[in-house]
Amino acid sequence: QYVDELDLADFCKKYDGGEPCKITKFVGRNVPVPGVESMLDTEYVMAIGNRSETWVYSYPNVDFCADLGTFGSDVTGESTFPYSISISYGSQKIDYCTTAIMTRFSDDVQKMGTMGITVMISSGDDGSGGETRQGSNGGKLSPSFPASIPTCIAVGSTYFVTGVSGEEQATTQFGSGGGFSYDFPVPSYQAQQVQAYLSTVEKPHAQYATGRGSPDVSTLGESFTVIDGGAAISVGGTSCSSPSFAGLVTLLNEVCLAESGKPLGYANPLFYQNPSMFTDVTKGTNAIGENALAGWRAIKGWDAATGLGTPNFGAMLAVVRTACKNAARK
């Protein structure tokens, strides 16, 4: 899918201050056929990110796993690059990509973190992942790759318990992807949270791994208005959540750059060390739809349905400002 700049300009004029917005740079081939996914990503990352300079990476090969390698090389091989990246694609099918590709792209994302890039990835829309859009996992629950990469921020979805404001729960419109990786071990920054969760929550009656847990965080993921093909449509999915969180990280980067001259980059340890940056979500489950019989519940603290919770932006600003100011003194 590709970005239609006319739709993007129309969205910004209607919903974000009345002025059109424009993509700064295209990497790859942006074929002039728009898609809901690409329009959703660009419209919300720009609107929430205060229209910061935005690049679009697009590849026409329709080979997701191979294109991850191309994308990784395109980002890590340049001297200038975005500081906040959102990816809304993935699969909860076990071994959908080869081990070699998963390892390579994980290495690329880790490198991006050292370059000062924070990578957000949608946690998937197949809930606990026993059944996926790419096929059955034969009784095994599985999170989404590449959201299972330990150095990315995996973003899940929530919605309001009642009405259109107030307390949030794990989304019920679809299953927000989450669980434990077969491919990557539990990283040290979340080891305590994963252990606490697995020792507390009622286990699903299905086979599951005990590796890297996702999601890390969540944001709203239902009823997003998108302009696509000249029409306003309502969209839901973790594809709404990842660009939204990436837009917030763009704003946090502005603070960090002002305090230290450097962006956030690899932010996972900072987030897990400061759970007060998030509003804990304790209601809901990702046992939804085809996966209704087995899944992960939201409980107090980190969980495999909603992660650390939803962003408390005021608290995030305070923590990031202090952390970046301290880093500048070292």
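Relevant structure appears above.
Bear in mind the structure is a predicted one, so any value in this text is a computation, not a measurement.

J.: Tell me about the packing of helix α6 (residues 238–260) against helix α8 (residues 313–329), and please be specific about residues and values.
T.: Across the interface, α6 lies against α8 with an axial gap of 8 Å and an inter-helix angle of 35°. For the pair α6 and α8, the crossing hand works out as right-handed. Contacts from Phe 245, Leu 248, Leu 251, Leu 252, Val 255, Cys 256, Glu 259 and Ser 260 of α6 reach α8 at Phe 313, Met 316, Leu 317, Val 320, Arg 321, Cys 324, Lys 325 and Ala 328. Tallied by class, the residues present in the contact of α6 with α8 amount to 12 nonpolar, one polar and three charged.

J.: Can you explain unusual backbone geometry? Please cite residues and give values.
T.: The omega angle of the peptide bond from Phe 145 to Pro 146 is 15°, so this bond is cis rather than trans. Tracing the sequence through the fold places Pro 146 in the loop between β6 (135–136) and β7 (153–160). For the peptide bond that leads from Ser 214 to Pro 215, omega is 5°, which places it in the cis range. Here Pro 215 is to be found in the loop between β10 (213–214) and β11 (217–220). Of note, the phi angle at Asn 50 is positive, near 60°, even though the residue is not glycine. What makes Asn 50 exposed here is its relative accessible area of 55%. Even without a glycine there, the phi angle at Ser 223 is positive, about 60°.

J.: If you had to explain the state of the cysteines to someone new, which residues and values would you point to?
T.: For the structure on display, the rule yields three disulfides. A sulfur-sulfur distance of 1.6 Å marks the disulfide that ties Cys 12 to Cys 21. Between Cys 12 and Cys 21 the disulfide shows an S-S torsion of about 50°. By sign, it is right-handed. For Cys 21, a relative accessible area of 7% puts it in the buried group. Here Cys 152 is not disulfide-linked; the sulfur of Cys 97 is the nearest cysteine sulfur, at 14 Å. Free of any disulfide, Cys 240 has its nearest cysteine sulfur in Cys 12, 16 Å distant.

About the cut-offs
- Residues numbered from 1 in each chain as written.
- Predicted model: local features only at pLDDT ≥ 70, side-chain atom pairs only at ≥ 80, totals over all residues.
- Heavy atoms only, no water.
- Axes fitted to C-alpha atoms, helices over the stretch in contact; angles between N-to-C directions.
- Helix = DSSP H or I, 4+ residues; strand = E, 2+ residues; numbered from the N terminus.
- Left-handed = near helix turned anticlockwise from the far one by under 90°.
- Contact = heavy atoms within 4.5 Å.
- Nonpolar A, V, L, I, M, F, W, Y, C, P; charged D, E, K, R; others polar.
- Buried < 20%, exposed > 50% of the residue type's maximum accessible area, 1.4 Å probe, protein only.
- Disulfide = S-S within 2.5 Å.

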